[in-house]
Structure formats: structure tokens, C-alpha cells
Amino acid sequence: MSDPQTSEVPTLLVKIFGKDRPGITAGLFDTLAAYMVDVVDIEQVVTRGRLVLCALVTQPPAGLEGDLRATVHSWAESMKMQAEIISGHGDNRPRGLGRSLVTVLGHPLTAESTAAIAARIAKTGGNIDRIFRLAKYPVTAVEFAVSGVETEPLRTALASDAAELGVDIAVVSAGLHRRAQRLVVMDVDSTLIQDEVIELFAAHAGCEDQVAAVTAAAMRGELDFEQSLHARVALLKGLDESVVQKVRAEVRLTPGARTLIRTLKRLGYQVGVVSGGFTQVTDDLKERLGLDFAQANTLEIVDGKLTGRVTGEIVDRAGKARLLRRFAAEAGVPLVQTVAVGDGANDLDMLNAAGLGVAFNAKPVVREAAHTAVNFPFLDTVLYLLGVTREEVEAADTHDES
């Protein structure tokens, strides 16, 4: 028989819908098997216990189509289902060039925002081929498979809508690379953890206000990162090194951080952190969380006291991007397969260098420059941007506990 995917041979689209229960799919294909048809395509969706099952099959031998139709309808009625059979030719139309995956996060995801996103996709010339829910809590996450438009123009078109609609939208190219091993590199302060480590040290030194003033000057552009780092660390001079253990104990992980890292490691991904903070904290996080890479600045300690200086290579904005590339080379992962997550302007070079840069609860200037933004306070929502579902995460956790 000629290939129905490349020819115009007669085919039948058999649609079954009704209350889902075990045995429906097997029953339909047992019924069709008596008519010597070949399966061209199958798709099945269950929503709130209601099943829609579509089977595209070749036309049966001459004279048997009428009997097939009658038998399928009779079987469906016996199962308290409904059936529809549509004649046609060939397979589905080939998908257009340019394939992307659009992940939308909403809390809630409204009909209005969904309509606007679908309309924007259509306006760019894209076609929605499939929609799939990734998670229902703590946010609603859905994934649109889109064809017919290249990824970059689609990303640009949707980025302008995200903030206005109150949703987060990520657009990535579809293809085999989605399933490949990846490297995920995160900022630490206000990303992996809820705190700013320099402020925790400053609290023990009684110089929180002075540190805040230097930070504000840096934010105003009066100091670059390296200048502000040296100025703030100088205020810590004389602190006893025992403060390091106290600060480590005070660090609070961002909600979802453990789930994100645990799941990434199960997937075989490598995970690292880069920080403008201090190795005295990041080394501890690396050990506690099982990270593959960690790099930060190092507070100099002499005779049990902080000297007010840092040693070694300074991890600044350019340094973070440089370390992303270094980690990728060591991990054997192409740069296009890297994911970077950060919240501040000093993360921008890293976010732009990565295959996917995610601005996490970031300032507007960072959100606008990154590939995508997540504005919910749960770090594990990054998993949805990688196509991982909440059900898969929970099933893996349950399996490990049993």
C-alpha cells in the first residue's frame, strides 16, 4: 500500500468521546482490527474524566466501509460513548517550518490571557498543533506546540504581552535538544536563596546601614560591582570567623529550590551556581545540595578574623558569563544546551550567553533583556520551562520514598 503520509489515499478519522474508563482504546482497535485497516495516527486526551480518542486509519477493503461505520457506532453505543467517522484523504498536513514550544505560567491562567496568547501566535503566522498541561499548582502551566513561525520572532511577539497579561511566557525551539543533557547554572543571592549574603554578614558586624548605602550607590551606577564589593567587604574587617557558621545557618533556600535541584539531578542534568557572594557560603550549599559546580568570591581570613578583603578571581557580571562557559566546557555540554537563572543586572551577561536565560523575580530591566521571566516565588517553576510536569516530579518523589 502507498504511504498515506505522502499520498492521497482514502483514510477515515474515527473519533470517540465520552466518560473515560479502562478498556476504551483496546475496545476500539479490536473493533477496527476486523476490517484490516492500518493505523496512521492516534491521539487521546482525557480532561476531567472525559475522553476524546482520535484514530486516523486507512480505508477498509472495498465494500466494507459501511459495515465498519455501523459496527463502530454500535460498539460505541454499547460503551455509552459517542462516535464520529469522517472520510478524507492522506495524513495530517505537514507542520509548517519553524517549530517552537511556548510555556505559559499563570496564577491563575485566565481565559482572557489564553485567548490573547493564541491570537498573538496566529498573528505571527504560527499554528497551535497541540496544547498540554504541565502543572496545576502552585501555578497553572501549559505548553503550546507551535509551528509555522521561527522561534525568535515568536518570542519577541509574546514577550510584550506577558507583563500586560499577568503571565510568564517562555518560548524555546522544539527538537531533539529538548531531551538532551543540560547544564543549569543559577545565581545565589535572591535566586537560589532568599537572602543577600553580604547583608547577613553585615548584620553581625553592625554595619547594615553602611552596606545598604554602598549597595544603593552601586545601583545608581556610582560604583561598579568590583568597587562596591571591596567597599562592602571592608566594613566586615575584624569579624570573627565563627560568624561564617552562623551565616550558613541563617541562609534560607528559595521555595522550590530543593525540588528543582533534586529533579534536575534525576534527569541527569548538571547543576552549578555562580555568585557575587562568598565561597564560605556557596561551598556549603554545593555540599548540602549536591551541586556539580560552585564559584564565588572568597573572604580573606587571617588568624581567625575577616581581614575586610577578598582573594582570588572576582566574580562579577562578566565573570558569571565566563564561568558559565567554563562549566559548560567541563560538563561537555554545548552552550546552547545551558540554562541560566538570575535576578540582577550582574546576571545579564550570563543570561544572554546561555541557551535559555531565565530572569527569576527580577527587576524590569533584567526581565526585558532575558529570554524569559518567572515572576512567581517558586524556583521549581523553572522545571516547567524544560517540559517537566508536576506529576512527573511528584511520581519520582513518591517512588524514592517507597
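Bear in mind the structure is a predicted one, so any value in this text is a computation, not a measurement.

**Student:** Explain the overall build of the chain here, please?
**Tutor:** Counting its secondary structure elements, the chain contains 15 helices and 15 strands. Relative to a compact globule of 402 residues, whose C-alpha radius of gyration would be 21 Å, the chain shows 27 Å and is clearly more extended. Expressed as a percentage of the 402 residues in the chain, the buried residues total 46%. Within the chain, counting contacts between residues at least 6 apart in sequence, those at least 24 apart form 67% of the total. Put simply, the chain shows about 19300 Å² of open surface, and 52% of that area lies on carbon and sulfur atoms. If the 41 positive side-chain charges of the chain are averaged to one point and the 53 negative ones to another, these points end up 2 Å apart.

**Student:** Looking at this structure, I do not really get the sheet that holds strand E14 (residues 356–360). What am I missing?
**Tutor:** Two strands in a sheet stick together by hydrogen bonds in their backbones, pointing the same way (parallel) or opposite ways (antiparallel). Spatial strand order, E12-E11-E10-E9-E13-E14-E15: 7 strands in an open sheet with mixed pairing. In this open sheet, the two strands that pair with only one neighbour each are strand E12 (305–311) and strand E15 (372–374). Looking at each pair of strands side by side, their axes are set apart by 25 degrees on average, direction ignored. Of the pairings in the sheet, the one linking strand E9 (residues 183–186) to strand E13 (residues 338–342) comprises 4 bridges and is parallel in character. Paired with Val 185 across the bridge in E13 is Ala 340.

**Student:** Explanation requested: the pattern of salt bridges in the structure shown.
**Tutor:** Charged atoms that come close allow side chains of opposite charge to pair. Under the counting rule described, the total for this entry stands at 18 salt bridges. Taking the shortest distance from any N to any O, the salt bridge between Asp 240 and Lys 305 comes out at 3.5 Å. Here Asp 240 is found in the loop between helix H7 (225–234) and helix H8 (243–250), whereas its partner Lys 305 is found in strand E12, with 65 residues between them in sequence. A salt bridge links Arg 288 to Asp 284, with the shortest nitrogen-to-oxygen separation between them at 3.3 Å. With a gap of 4 residues between them, Arg 288 and Asp 284 both fall in helix H10 (residues 279–289), about one helical turn apart. Taking the relative accessible area as the measure of exposure, Asp 284 reaches 17% and is therefore buried.

**Student:** Can you help me understand H8 in this one?
**Tutor:** Residues separated by three or four positions in an α-helix point in the same direction, a consequence of the helix having 3.6 residues per turn. Residues of H8 that are buried include every one of Val 243, Val 244 and Val 247, and no others. Projected onto a plane normal to the axis of H8, the buried residues spread over an arc of 100 degrees and lie on a single side. Turned more than 90 degrees off the buried face of H8, the exposed positions are Gln 245 and Ala 249.

**Student:** What is the right way to look at the packing of H8 against H10 in this model?
**Tutor:** Two quantities define a packed helix pair, namely the angle between the helix axes and the distance between the axes. Between H8 and H10, the shortest axis-to-axis distance is 10 Å and the interhelical angle comes to 50 degrees. Taken together, the axes of H8 and H10 are oblique relative to one another. Pair H8 / H10 crosses with right-handed handedness. The residues of H10 that touch H8, namely those facing Val 244, Val 247 and Arg 248, are Gln 280, Val 281, Asp 284 and Arg 288.

Definitions and cut-offs
- Residues numbered from 1 in each chain as written.
- Predicted model: local features only at pLDDT ≥ 70, side-chain atom pairs only at ≥ 80, totals over all residues.
- Heavy atoms only, no water.
- Helix = DSSP H or I, 4+ residues; strand = E, 2+ residues; numbered from the N terminus.
- Rg over C-alpha atoms; globule rule 2.2 N^0.38 Å.
- Buried < 20%, exposed > 50% of the residue type's maximum accessible area, 1.4 Å probe, protein only.
- Contact = heavy atoms within 4.5 Å.
- Areas by Shrake-Rupley, 256 points an atom, 1.4 Å probe, with all protein chains shown as cover.
- Lys, Arg positive; Asp, Glu negative; His and termini not counted.
- Charge placed at Lys NZ, Arg CZ, Asp CG, Glu CD.
- Pairing = 2+ DSSP bridges.
- Axes fitted to C-alpha atoms, helices over the stretch in contact; angles between N-to-C directions.
- Salt bridge = Lys/Arg side-chain N within 4 Å of Asp/Glu carboxyl O.
- Arc of directions from axis to C-beta.
- Parallel < 35°, antiparallel > 145°, perpendicular 65-115°, else oblique.
- Left-handed = near helix turned anticlockwise from the far one by under 90°.

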